[in-house]
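Structural overview
Listed below are the residues making up each chain.
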Amino acid sequence: RAFRARGVARPTASLLVASSVMPKPAELKAVAADGTIVLSIEPPAADAEGLELLNAPDTAGRVILTPRFERSPGFLAAADPYATVGRPAHLLLHSRGQPGHGSLFARAFDAWRTALGFVELPETIDATFVEVSGQHTPHRPSDMTGKLSAMARGPDGSAVTLYLDDDAGDTHRSLYAAGPMGELVVSDGRYRLHHRGQDDNDETQGDDGSPPDAPDRVAFLDLLADHWRHLLDRPPMPANPTVDRHALACIQAMLLSARTGQPERPEAMMLARM
């Protein structure tokens, strides 16, 4: 109620929600509907109904998870990484953070949004969850904490491996992506891209990347500030409700797989909600 009242009483261009306890999607929607861009360090919704509410035409694209890996300096510096790598792609994503730098749910949502730019919705996901304090694997994504590893297989031969941790000694994200057209290594601060030609004599082969002095790591607060400044300088990226739904389905499949010990299908998670 206080969040909703503050948003209505003090309309503003943008608002950062830096709490691990998220307002309800309806409260976020009420603020965003007034024209405010809402950035949050936690996913704005933990279920399909909440995502659908926030992706309605009057608020789509104005409630944003931050800091997104795709908006980090390293990722932005790489020119069109998705097209350069090609499909089928094999991905390895690491996302670890100190307590207070985003929950495990936030890291999983960000990682899957990134991965789904390179690959199709996986057919199966096999996950292992290491809980803290002897807790059992939770049923709700927002209750996740600890370490989570997963392997996913795509219908086109793509593969994704994730390692996520919300209680690490440092905060860092990295991606390795390999496909028929090239290889990409990117972190929050820098990237390296190798273009692969059709054969060994193809002149299109080559490498490019960040300057040698570009940092590999970027402080969490600096990533927040960079993303926020980017949104102040230009409109938000167009909403992509399909990617949001697929990312949430992948997380739900990971949690179910961690409980059953078997690979689970993200598509089944989406069908169960219909």
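Residues numbered from 1 in each chain as written. Predicted model: local features only at pLDDT ≥ 70, side-chain atom pairs only at ≥ 80, totals over all residues. Heavy atoms only, no water.

One can find Ser-103 in the loop between strand 4 (90-96) and helix 6 (104-115). Of note is the side chain of Ser-103, whose polar atom sits 3.1 Å from the backbone nitrogen of Ala-106. For Ser-103, the residues in contact, after removing those within four places along its chain, are Glu-42 and Asp-166. (Helix = DSSP H or I, 4+ residues; strand = E, 2+ residues; numbered from the N terminus. Polar contact = N/O pair within 3.5 Å; in protein donor to acceptor, adjacent residues only side chain to side chain. Contact = heavy atoms within 4.5 Å.)

By the definition in use, this model includes four aromatic pairs. Geometrically, the ring pair formed by Tyr-82 and Phe-118 is edge-to-face, given 4.6 Å between the ring centres and 65 degrees between the ring planes. With Tyr-82 in helix 5 (residues 81-85) and Phe-118 in the loop between helix 6 and strand 5 (124-130), the pair connects residues that are 36 residues apart, well separated along the chain. With relative accessibility at 26%, the residue Tyr-82 sits in the partly exposed group. Judged by centre distance (6.2 Å) and plane angle (85 degrees), the ring pair of Phe-105 and Phe-109 falls under edge-to-face. Of this pair, Phe-105 and Phe-109 both sit in helix 6, separated by four residues, roughly a single helical turn. Judged by its relative accessible area of 2%, Phe-105 is buried. By relative accessible area, which is 3% here, Phe-109 ends up buried. (Phe/Tyr/Trp six-rings, centres within 6.5 Å; stacked < 30°, edge-to-face > 60°. Buried < 20%, exposed > 50% of the residue type's maximum accessible area, 1.4 Å probe, protein only.)

With that settled, the discussion passes to the confidence of the model for the chain. Here the chain shows a mean pLDDT of 87. Residues at 70 or above account for 88%. In this model residues 200-204 is a low-confidence stretch, pLDDT under 50, and it forms four contacts with partners more than four residues away in sequence or in other chains. (pLDDT = per-residue confidence, 0-100.)

A few words now on the environment of Leu-164. With respect to the helices and strands, the residue Leu-164 is situated in strand 7 (residues 159-165). With a relative accessible area of 0%, Leu-164 lands in the buried category. Not counting residues up to four positions away in its chain, the partners in contact with Leu-164 are Ser-95, Leu-104, Arg-107, Ala-108, Ala-111, Gly-146, Lys-147, Leu-148 and Met-254.

The subject of this paragraph is unusual backbone geometry. The amide bond that connects Thr-66 to the next residue, Pro-67, takes the cis arrangement and shows omega of -5 degrees. The residue after Arg-87, namely Pro-88, is reached through a cis peptide bond having omega 0 degrees. Looking at the secondary structure, you find Pro-88 in the loop between helix 5 and strand 4.

Our focus in this paragraph is the sheet that holds strand 1 (residues 14-17). If you trace the three strands from one edge of the open sheet to the other, you get 1-2-3, paired in parallel fashion. For this open sheet the edge positions go to strand 1 and strand 3 (63-65), each flanked by a neighbour on one side alone. Across the sheet, the axes of successive neighbouring strands diverge by a mean angle of 20 degrees, strand direction being ignored. One ladder, built from three bridges, connects strand 2 (residues 37-40) with strand 3; its direction is parallel. Within strand 3, the residue paired with Val-38 across the bridge is Val-63. In this fold helix 2 (residues 25-32) packs onto strand 1, strand 2 and strand 3, with an angle of close to 140 degrees to the strand it touches most, strand 2. (Pairing = 2+ DSSP bridges. Axes fitted to C-alpha atoms, helices over the stretch in contact; angles between N-to-C directions.)

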